[in-house]
Amino acid sequence: MKTEYENITPDKGSSFKLLHWRSHEDRFFWHQHPEYEIVYIHKGSGKRHIGQHLSHFEEGALMFIGPNVPHLNFGYGADNEHEEIVIQLRDDFLGELFLQSPELHDVKRLFELSKQGLNFHGKTRQHVAAQMLRMPSLNHFDRLIQLLLILQELAVTKDYTVLKTNGISYEHSHREEARIRQIYAFVEKNYQKEIDLQTIANLANLTIPSFCRYFKKITQMTFTDFVNEYRVKQACKMFTQNQSVTDVCYANGFNNLSHFTKTFKSVTGKTPREYKKELV
């Protein structure tokens, strides 16, 4: 199965990323990233596929997934409406020597165990879930304190099972990772206007054919498909602010409504108007 690379950047003003994600009919997204990931399923149930581990998760599931472990997005094929809180961080998110601190001996062990995939239950799951649900409403400093408390609680509890992902992981070199992040950063900055393929190929120090092969190999997507999907995701955010279809179309780099509608439907399964109507 081809594995997509997901680029993750910390939230502005923060050393890690916090997501409050709601979805319905998510696309199939078999992916991996160098960040550790804590996932709490607030609503929904469905298929859990992490590495070679296959099972069914129920509403309330709490998991910790290690870096570069390929996994399926939990919203794909979910039985009902899906909602989750996700924390994504690197092991050096507070500095290279973060896990070397003697106070974090148990947390260091937790990070090692997470490479096999961990599923938490009992009172630990209930308590940590409540903490994660509060995090989106906190300022960045309090989020950080809350995260450290969560890591310590997960590190010392016995309320967990190992998912046994069989150690499958796909690690990219630091050079590759730096290059792909540079490409992603360029798209994030320039997606609202036309992106010239020669410009992005020059940024990667590759010819256009070599860049296209490289990008497809790393992400399992063509560069055009990646840019279009990124633009559609930004469009979805704008629709939550009650923007018109026309305004959203041109604000996100599309040259005409017909192309926007076709691309939006190919990514989300709905036309822009259908998507906007469901938000009301």
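Further up the page is the structure itself.
Described below are features of the structure shown in this document. The structure presented is a predicted model; accordingly, all values stated were derived computationally and were not measured.

Some words on the packing of aromatic side chains
And then number 1: Applying the stated criterion across every chain, the model contains 21 aromatic pairs.
And then number 2: Summarising the aromatic geometry, the rings of tyrosine 36 and phenylalanine 111 are spaced 4.5 Å apart at their centres and angled 45° between planes, so their arrangement reads as tilted. Here phenylalanine 111 lies in helix H1 (residues 105–113) and tyrosine 36 lies in strand S4 (residues 36–43), a separation of 75 residues in the sequence. As far as the burial class goes, tyrosine 36 and phenylalanine 111 line up, both buried.

Quick look at the pattern of salt bridges
Should the charged atoms of two oppositely charged side chains come close, the side chains can pair.
And then number 1: Scanning all chains against the criterion turns up eight salt bridges.
And then number 2: Here aspartate 11 ties to arginine 143 by a salt bridge, and the two come within 3.9 Å at their closest N and O atoms. One end of the pair, aspartate 11, is in the loop between strand S1 (4–5) and strand S2 (17–23); the other, arginine 143, is in helix H3 (residues 140–156), and 132 residues separate them in sequence.
And then number 3: By relative accessible area, arginine 143 is classed as buried at 13%.
And then number 4: In this structure, the salt-bridge partner of glutamate 35 is arginine 90, at a minimum N-O distance of 3.1 Å. With glutamate 35 in the loop between strand S3 (30–32) and S4 and arginine 90 in the loop between strand S9 (82–89) and H1, this residue pair connects regions lying 55 residues apart in the sequence.
And then number 5: With a relative accessible area of 3%, glutamate 35 lands in the buried category.

Describing a nonpolar patch on the surface
And then number 1: Among the surface-exposed residues, Leu94, Phe141, Ile145, Leu148 and Leu149 lie close enough to one another that they form a single nonpolar patch of about 450 Å² accessible area.
And then number 2: Accessibility expressed as a relative area gives 30% for leucine 148, which makes it partly exposed.

Reading the values: the criteria
Numbers given to residues run from 1 along each chain, matching the order in which its sequence is written. Selection of residues for local features in this predicted model requires a pLDDT of at least 70, selection of side-chain atom pairs for listing and counting requires 80 or more, and totals for whole chains, interfaces and linings are taken over all residues. As a convention, hydrogens and water are excluded, and side-chain values are obtained from all of the structure's heavy atoms. Two aromatic rings from Phe, Tyr or Trp, using only the six-membered ring of Trp, form a pair when their centres are within 6.5 Å; if the ring planes differ by under 30 degrees the pair is stacked, by over 60 it is edge-to-face, and anything between is tilted. Under the scheme used here, helices are H or I runs from DSSP no shorter than 4 residues and strands are E runs no shorter than 2 residues, and both carry numbers assigned from the N terminus. Only protein chains enter the accessibility calculation, which uses a 1.4 Å probe. A residue is then buried if its area is under 20% of the maximum for its type, exposed if over 50%, and partly exposed in between. A pair is scored as a salt bridge if a Lys or Arg side-chain nitrogen falls within 4 Å of a carboxyl oxygen belonging to Asp or Glu. Each patch is assembled from residues with relative accessible area greater than 30% and no salt bridge, linking like charges that lie within 9 Å and nonpolar side chains (Val, Leu, Ile, Met, Phe, Trp, Tyr) that lie within 5 Å. Only the protein chains shown count as cover for residues, with accessible areas throughout obtained via the Shrake-Rupley method and a probe of 1.4 Å.

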